[in-house]
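For reference, the chains in residue letters:
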Amino acid sequence: MTSTSDYVYDHVQASTLNKDMAFRPGTPGPGDRLPGFDLPAATGGRIRSHAITGNKPMLLVTGSYTCPMTAASNPALKRLHRRYGGQIVFVMLHVREAHPGERFDQPHDMDTKIRNARILKERDSLPWALAVDDTQGTLHKQLDEKPNAVWVTDREGTIVYRGLWAGDDEALGEALEAVSKGRMPRKRESTARLKPMAAGIGVMREVTQRSGRRAEADLWKAAPPVAALARIADLYRPLPPHWRTAAAAATIGLGATALIGALTSARRSARKR
């Protein structure tokens, strides 16, 4: 089935990737109430925002099975959960597939979307609940449609911190430490990109390969430099994801330096003739 919705896309576009790089004005941020929700859980039953917190702060993070940023950030989130999970409720909102392919296509029905969320939970051994948004992304759209953003609320449900990428675990950890002690985080928002993007690119090829060849092809069309960097980074497994990307960037840099050196040498030789 082909999507007729800009939200429920079958092929990722450059425009979508560009929108992921910043929060839109007017979307829920520090000082606003987090939108309430009553959604199916990946493992059965319902997840109701007003019932799960038990007068505790909450961390809400968006993610999907085919999102490299989700795969890259989950290990750090699990470390934070081990430290703060007893004081703060962690919930992941499974949203649209970031990089749909023929193996993991964009869900057009709730059964498929719940299945994808369940497989994500099992793949990454996630210890927190996964709430599954409807196929048209009703809650996700209210939150700004970001693939792996995070919001932290106080006990009353007011947002005290939001991060564009959950992979900025240092800023998120500081926010959770403050909230766990009943304090306001020093940093209310993070839009840091370098560290989260480096980790995401480090796992990008293996994630898109699991989704299918179409996902890989779409990435090459939408963001050729990112796809090329991800391809080289994949050669450096089993290094940690962000080191794979650093090694790939160094490889490209060395290659460019060698090429420039060869061209310069050739020109000098030509002039001497």
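Here goes a summary of the coordinates provided.

Conventions adopted
Residues numbered from 1 in each chain as written. Predicted model: local features only at pLDDT ≥ 70, side-chain atom pairs only at ≥ 80, totals over all residues. Heavy atoms only, no water. Pairing = 2+ DSSP bridges. Helix = DSSP H or I, 4+ residues; strand = E, 2+ residues; numbered from the N terminus. Right-handed = clockwise from strand over helix to strand, strands pointing away. 1 Å grid on protein atoms, 1.4 Å probe; cavity = no way out; pocket = protein on both sides within 12 Å on 5 of 7 lines; lining within 4 Å. Points joined across faces, edges and corners; volume = space filled by probe spheres on them. Buried < 20%, exposed > 50% of the residue type's maximum accessible area, 1.4 Å probe, protein only. Contact = heavy atoms within 4.5 Å. Expected span 1.5 Å × (residues − 1). Polar contact = N/O pair within 3.5 Å; in protein donor to acceptor, adjacent residues only side chain to side chain. Phe/Tyr/Trp six-rings, centres within 6.5 Å; stacked < 30°, edge-to-face > 60°. Lys NZ or Arg CZ within 6 Å of the ring centre and 35° of its normal.

Some points on the pairing of strand S5 (residues 129-132)
Relative to S5, strand S4 (residues 89-94) is paired through four bridges, and the arrangement is parallel. When the bridges of S5 are listed, Val91 appears paired with Ala129. In this fold, S4 hands off to helix H4 (residues 110-123), which returns the chain to S5; that crossover is right-handed.

Some words on the layout of surface pockets
Taken as a whole, the largest pocket encloses approximately 320 Å³ of empty space. Forming the boundary of the largest pocket are 27 residues, of which Leu17, Asp20, Met21, His99 and Trp165 lie nearest the centre. Those elements giving two or more residues to the lining of the largest pocket turn out to be helix H1 (14-19), helix H3 (68-84), helix H7 (194-211) and helix H8 (213-222). Per-element tally for the lining of the largest pocket: the top contributor is H1, with four residues.

A closer look at the side chain of Thr16
Residue placement: Thr16 occurs in helix H1. What makes Thr16 buried here is its relative accessible area of 13%. Look past the residues within four positions of Thr16 in its chain and what remains in contact with it is Tyr9 and Arg96.

Notes on H4
Compared with an ideal rise of 1.5 Å per residue, which puts 14 residues at 20 Å, H4 spans 20 Å between its outermost C-alpha atoms and is within 8% of the ideal. In this structure, the buried side of H4 is in contact with strand S1 (38-40), H3, S4 and S5. One side-chain oxygen of the residue at the start of H4 lies 3.2 Å from the amide nitrogen of Asp111, identifying that residue as Asp109. Just downstream of H4, Ser125 is the residue with a positive phi angle, here 50°.

Structural notes on the packing of aromatic side chains
What characterises a pair of aromatic rings is the spacing of the ring centres plus the angle enclosed by the ring planes. Throughout the structure, instances matching the rule amount to three aromatic pairs. If you follow Arg123 out to its NZ or CZ, it ends over the ring of Tyr65, 4.8 Å from the centre. Its guanidinium or amino end placed over the ring of Phe23, Arg162 lies 3.9 Å from that ring's centre, counting from NZ or CZ.

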